[in-house]
Amino acid sequence: MSNSAGGPRRGKILVFSAASGAGKNTLIDHLLASVPGLVYSVSATTRKPRPGEADGVNYFFLTVDEFERKVAEGEFAEWEKVHGNYYGTPRAFIETVLSGGEHIVMDIDVFGKAKFDEAYPEAVGVLIVPPSLDHLEKRLKARGADDAGTIRLRLDNARVEMDFAMAQGKYEHYIVNDDLEAAKDEVVRLVRTIIDE
Ligand code: 5GP
C-alpha cells in the first residue's frame, strides 16, 4: 500500500451508524476480527459502563466535567448528546491512524455523523438498518442491558434517527440486519471493496 511518493497510502474512514439494538456492535466486532488493517476509534462518553465494558476499550468513560473540558479544548472531531449522555470522537487519534495507512472504523450516531462530515467529507457512511421497529424493540428487550424507560427512549429516538438518516444523512451504503450471519458476510464484503478502491 503506497502512494506515488512512496509513503503509505492514506487510510479510509468508515463510519457506522444505526439505531441502537440494530446489531451494529456485533457487526463491527465481526468486521474488526475479519479484516486486517482496520483500527477502531474509541469514543469518549459520559454514560456509565455496561457490564463487560472496559475503559479505553469500548469507550473512554469520562465525567461530565471532564467531557466538557475536552469540548472546550477542541479535542473532539464531533460530539453529540445521545440518549441524555455525551459522546465524542477524539480528533488526534484519527490522524495518527490515517497517516499510518490503516483504516479507521467509527461508531457515530446519525447527527454526529452529519457534523463529522464537515471535518471529514471523505468519510464513507454505512447505515445499519433494523428490519422494523418491532424487531428493534424485541432485540433491545432480549439484550437486557436497559430498563423499560430507557428502551422506550431508545425506540422513540430510533424513529427520529432513521428519518434523519434517510432524509439528510450522507450514507453511501445500507445494510439491513435481518439475518445476522448474512449481515456479517455483507459487511466484510463491503468493507473489503471500499478499502481496495
Ligand atoms: P451506546 O451507549 O449504546 O454504546 O451508544 C449509543 C449511541 O451513541 C449510538 O447511536 C452510537 O452510535 C453513538 N455514539 C458512540 N460513540 C459516538 C461518538 O463518538 N460520537 C457520536 N456522535 N455518537 C457516538
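About the criteria used
Residues numbered from 1 in each chain as written. Predicted model: local features only at pLDDT ≥ 70, side-chain atom pairs only at ≥ 80, totals over all residues. Heavy atoms only, no water. Near = heavy atom within 4 Å. Polar contact = N/O pair within 3.5 Å; in protein donor to acceptor, adjacent residues only side chain to side chain. Areas by Shrake-Rupley, 256 points an atom, 1.4 Å probe, with all protein chains shown as cover. Helix = DSSP H or I, 4+ residues; strand = E, 2+ residues; numbered from the N terminus. Nonpolar A, V, L, I, M, F, W, Y, C, P; charged D, E, K, R; others polar. Buried < 20%, exposed > 50% of the residue type's maximum accessible area, 1.4 Å probe, protein only. Core = buried A, V, L, I, M, F, W, Y, C linked by side-chain atoms within 4.5 Å. Contact = heavy atoms within 4.5 Å. Pairing = 2+ DSSP bridges. Axes fitted to C-alpha atoms, helices over the stretch in contact; angles between N-to-C directions.

**A word on the site of the ligand**
Here is step 1 of the chain: Neighbouring the ligand are 17 residues; Ser43, Arg47, Tyr59, Tyr87 and Asp107 lie closest to it.
Here is step 2 of the chain: Here an oxygen atom of the ligand sits 3.1 Å away from a polar atom, N or O, in the side chain of Thr89.
Here is step 3 of the chain: Relative to its unbound accessible area of 510 Å², the ligand is 97% covered by the protein chains.
Here is step 4 of the chain: Looking at the shell around the ligand, the elements that each hand over two or more residues are strand 5 (76-82) and strand 6 (85-90).
Here is step 5 of the chain: Partitioned by chemical class, the residues of the shell around the ligand number five nonpolar, four polar and eight charged.

**Re the environment of Ala33**
Here is step 1 of the chain: Here Ala33 is to be found in helix 1 (residues 24-34).
Here is step 2 of the chain: Taking the relative accessible area as the measure of exposure, Ala33 reaches 71% and is therefore exposed.
Here is step 3 of the chain: The spacing of Ala33 and Val188 is 155 residues in sequence and 9.9 Å in space, taken between C-alpha atoms.

**Some points on the nonpolar core**
Here is step 1 of the chain: The biggest cluster of nonpolar side chains holds 21 residues, and the ones touching the most others in it are Leu14, Phe16, Leu31, Leu38 and Ile128.
Here is step 2 of the chain: For this core, the secondary structure elements donating two or more residues are strand 1 (13-18), helix 1, strand 8 (124-129) and helix 7 (180-196).
Here is step 3 of the chain: Counting residues per element, this core draws most heavily on helix 7, at seven residues.
Here is step 4 of the chain: Each residue touching Leu38, except ones within four places of it in the same chain, is listed here: Leu14, Leu31, Leu32, His103, Val105, Val191 and Ile195.

**Some remarks on the sheet that holds strand 4 (residues 59-61)**
Either a parallel or an antiparallel arrangement is found when strands of a sheet pair, and the pairing is made through backbone hydrogen bonds.
Here is step 1 of the chain: A sheet is described by the order of its strands in space; here four strands give the open sequence 4-3-6-5, paired in mixed fashion. In this open sheet, the two strands that pair with only one neighbour each are strand 4 and strand 5. Shown here is a sheet whose adjacent strand axes are inclined to one another by a mean of 25°, direction ignored.
Here is step 2 of the chain: One ladder, built from three bridges, connects strand 3 (residues 43-45) with strand 4; its direction is parallel. Bridge pairing links Ala44 to Phe60 in strand 4.
Here is step 3 of the chain: Along the sheet face, helix 3 (residues 91-99) touches strand 5 and strand 6 and points at about 35° away from the line of strand 6.

**Focus: the pairing of strand 6**
Here is step 1 of the chain: The buried fraction of strand 6 is high, at five of six residues.
Here is step 2 of the chain: Pairing between strand 3 and strand 6: two bridges, direction antiparallel. Looking at strand 6, one finds that Ala44 is bridged to Gly88.
Here is step 3 of the chain: Inspection of the sheet shows strand 5 paired to strand 6 by six bridges, in the antiparallel sense. Note on strand 6: the bridge partner recorded for Glu78 is Thr89.

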